[in-house]
Amino acid sequence: MSTTTTTTGDGADLSGGGEERRKVAIILAFCGVGYLGMQRNPGAKTIEGELEEALFHAGAVSEIDRGKPKQYDFTRCARTDKGVSAVGQVVSGRFCVDPPGFVDRLNANLPDQIRVFGYKRVTPSFSSKKFCDRRRYVYLLPVFALDPFTHRDREAVMASLGSGEEYVKCFECSERGRKNKITGVVGKLKVDSFDAKSVDVRSDILSNSFSALRTDVKVEALSEVKSKFCYGEEEKERFNRILSYYVGSHNFHNFTTRMKADDPAANRSIISFTANTVIILDGIDFIKCEVLGQSFMLHQIRKMMGLAVAIMRNCAPESLINTAFSKDVNITVPMAPEVGLYLDECFFTSYNNTQFEDMHEEVSLEAYKEEAEAFKLKHIYSHIGSAERRYGSVALWLHSLNYRNYPDLNYDRSGHNTEQVLVYKTQDTTEIQSQS
């Protein structure tokens, strides 16, 4: 059954239930932990699913329109992946915002990790998706992730220790019981002395069930040793140079999933990508990586970060970024964990600068800066810091940055380039045709 709509003289309309609806843009924030992304997905726990129910219970959506977002022209500015958060998300639609207290009613029906800051009256044709000029995302990356000597992959450590040595991938990770414990070791590992790269675990290995264990086990010491690596001017200059390769208009088909190189949607424009600020969360130094672009594809930012980190850790050459932009090259690049990523702000510059005959308000986060900052510190930053401290989300991911998992990281170093790939493809095609 469809919903009938009657338009009034001031741009508002009447829903099927007879309530007066107005086109508004709602500005909100959320911590994405525990949610399968922003976009509504039947049967899944999503931010939109929570918001739609809150809109209904707040009286903004009628019973007849409940669960039918198209009926009230619902759009979102940006889709976010599973576990990704947002500070300045914007959604729009036709809602019943009267009587006063609309924002309070919404928040009363939302969990604490989702907060609505306010709403703005907009033109009837407004769409938060189509009218957004730019989107800024932030990725908080632990400083240690750029240090090639911390949380190294298994192959690198085995090469340095010798193939005959028993091995624990990472002292910190083995303490958590997350990765590759030595067979038979049930208790924790204690260390008396060590250097920055490795330690000798002597006869004080604890075990509840084994009394005869080797005492010369080599362990890569990570959390127990304060790394000498710091994000100084030289490191900052190099990392910013690597990120700058992404700036401009490029074909990002290798930085998403299920996207063909000749699909026009693969072409995206990055306005800026910088990493100049270091903040401390839960005792861990994080680099604030800010990327500003018109729009982004699924996993694009996480893959951009993944490849940049691999290059900083000397797992791949800088030239690989430009190689990945080639339409004739298909490679697999690493994807950084979702926990450090959040949507920082959405911009509507062109819309805000346009003069309309009817009344409309500027769509911006500016009026809610203090509330947004408080929410970010309490819910998003605290989650990112504690997730790394308790679970080592990035630390564990770093172990996967090797040529076994990502053979394409060695792509340019192995003597391949775009021109050679084109030649190989031509030869392969010729051979196939000749064989047929």
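Here, the structure is the one placed above.
Since we're looking at a predicted model, the values are computed, not measured.

Enquirer: Which parts of the structure should I look at to understand the environment of His383?
Expert: Mapped onto the elements of the fold, His383 is located in helix α9 (residues 369–391). Considered as a pair, His383 and Cys31 are 352 residues apart in the sequence and their alpha carbons are 8.2 Å apart. Not counting the four nearest positions on each side in its chain, His383 is found in contact with Cys31, Val33 and Val339.

Enquirer: How do you make sense of the pattern of salt bridges when you look at a structure like this?
Expert: Where side chains of opposite charge bring their charged atoms close, a pairing between them can arise. The final tally for this structure, using the stated rule, is 15 salt bridges. Ionic pairing is found between Asp65 and Arg21, a salt bridge with its closest N-O pair at 3.2 Å. Of the two residues, Asp65 sits in the loop between α1 (47–57) and β4 (75–76) while Arg21 sits in strand β3 (residues 20–30), which places them 44 residues apart along the sequence. A single burial state applies to Asp65 and to Arg21, both of which are buried. With a shortest N-O distance of 2.9 Å, Glu345 and Arg136 are connected by a salt bridge. Taken together, the residues Glu345 in strand β14 (residues 341–347) and Arg136 in strand β7 (residues 134–142) connect sequence positions 209 residues apart. A cluster of three or more residues bridged by salt bridges with shared partners is formed by Arg136, Asp344, Glu345 and Lys369.

Enquirer: Got a minute to help me understand the layout of surface pockets in this structure?
Expert: Summary: where empty space remains is shown by rolling a probe the size of a single water molecule over the atoms. Taken as a whole, the largest pocket holds about 730 Å³ of empty space. Lining the largest pocket are 27 residues, with Arg79, Thr80, Phe296, Met297 and Leu298 positioned closest to its centre. Broken down by element, the lining of the largest pocket gets its largest block of residues, three residues, from helix α6 (residues 300–312). Its residues assigned to classes, the lining of the largest pocket shows eleven nonpolar, seven polar and nine charged.

Enquirer: What is the right way to look at unusual backbone geometry in this model?
Expert: Trans peptide bonds make up most of the peptide bonds, and negative phi angles are found at most residues other than glycine. Omega for the peptide link from Asp98 to Pro99 comes to 0°, which places this bond in the cis form. Unlike most non-glycine residues, Asp73 shows phi in positive territory, near 60°. Looking at the secondary structure, you find Asp73 in the loop between α1 and β4. Owing to a relative accessible area of 32%, Asp73 belongs among the partly exposed residues under this scheme. Despite not being glycine, Asp282 shows a phi value in the positive range, around 55°.

Enquirer: I would appreciate a short explanation of the nonpolar core in the present structure.
Expert: Across soluble globular proteins, you tend to see nonpolar side chains buried next to one another. Within the largest apolar cluster, 105 residues are counted, with the highest numbers of intra-cluster contacts made by Phe95, Phe239 and Tyr246. If sequence neighbours within four positions are ignored, Phe239 has contacts with Leu141, Leu146, Tyr231, Ala275, Cys289, Met305, Ala308 and Met312.

Enquirer: Can you help me understand α9 in this one?
Expert: Owing to its 3.6 residues per turn, the α-helix brings residues three or four apart onto one side. Taking 1.5 Å of rise per residue, 23 residues should cover 33 Å, and α9 covers 31 Å from first to last C-alpha, within 8% of that figure. The sharpest bend along α9 comes to roughly 40°, located at Lys376. What α9 keeps buried is the set Ala372, Phe375, Lys376, His379, Ile380, Tyr381, His383, Ile384, Gly385, Ala387 and Glu388. In the stretch just after α9, Gly392 is the one whose phi turns positive, near 60°.

Enquirer: For this particular structure, what's the right way to read the side chain of Thr256?
Expert: With respect to the element layout, Thr256 can be found in the loop between β11 (248–251) and β12 (267–281). On the basis of relative accessibility, which here comes to 10%, the residue Thr256 falls in the buried class. Polar side-chain contacts of Thr256 include one of 2.8 Å to the backbone oxygen of Leu298. Leaving out residues up to four positions away in the same chain, Thr256 has contacts with Met297, Leu298 and Lys303.

Enquirer: Just checking my understanding: could you explain the pairing of β7 for this structure?
Expert: One face of the sheet, then the other: side chains in a regular strand alternate in exactly this way. Of all the nine residues making up β7, seven are buried; the element is thus mostly covered by neighbouring parts of the structure. For β7 and β14, the ladder comprises six bridges, and the chain directions are antiparallel. Each bridged residue has a counterpart across the sheet, and for Arg136 the counterpart in β14 is Glu345. Both β7 and strand β13 (residues 284–293) contribute to a ladder of eight bridges, which runs antiparallel.

The rules behind these values
Per chain, residue numbering runs from 1 following the sequence as it is written. Local features in this predicted model are restricted to residues of pLDDT 70 or higher, and side-chain atom pairs are both shown and tallied only at a pLDDT of 80 or more, whereas totals for entire chains, interfaces and linings draw on every residue. As a rule here, side-chain values cover all heavy atoms of the structure and leave hydrogens and water aside. Helix and strand labels come from DSSP, where a helix needs a run of H or I of at least four residues and a strand needs a run of E of at least two; each type is numbered from the N terminus. For this analysis, residues touch if any pair of their heavy atoms sits within 4.5 Å. Basic side-chain nitrogens of Lys or Arg form a salt bridge, by our definition, when they fall within 4 Å of a carboxyl oxygen of Asp or Glu. To sort residues, take the accessible area from a 1.4 Å probe on protein chains only and compare it with the maximum for the residue type: under 20% means buried, over 50% means exposed, and anything in between is partly exposed. Put simply, the grid is 1 Å and covers the protein atoms alone, a cavity is a trapped set of points that fit a 1.4 Å probe, a pocket is an open set with protein on both sides within 12 Å along at least five of seven lines, and lining residues have an atom within 4 Å of a point. Grid points are joined across faces, edges and corners, and a volume is the space filled by probe spheres set on the points. Gly counts as polar in this scheme, as do all residues outside two lists: the nonpolar Ala, Val, Leu, Ile, Met, Phe, Trp, Tyr, Cys and Pro, and the charged Asp, Glu, Lys and Arg. We define a nonpolar core as any set of buried Ala, Val, Leu, Ile, Met, Phe, Trp, Tyr and Cys residues linked to one another through side-chain atoms lying within 4.5 Å. The span expected for a helix works out to 1.5 Å for each residue beyond the first. Working definition for bend: take the seven residues up to and ending at a residue and the seven starting at it, fit an axis to each, and measure the angle between the axes. Each polar contact in these results corresponds to two N or O atoms within 3.5 Å; when the atoms are within protein, one needs to be able to donate a hydrogen and the other to accept it, and residues that are neighboring in sequence are counted only if both atoms are side-chain atoms. A pair of strands is labelled paired if DSSP reports no fewer than 2 bridges between them.

Limitation: the analysis is restricted to geometry and does not speak to function.
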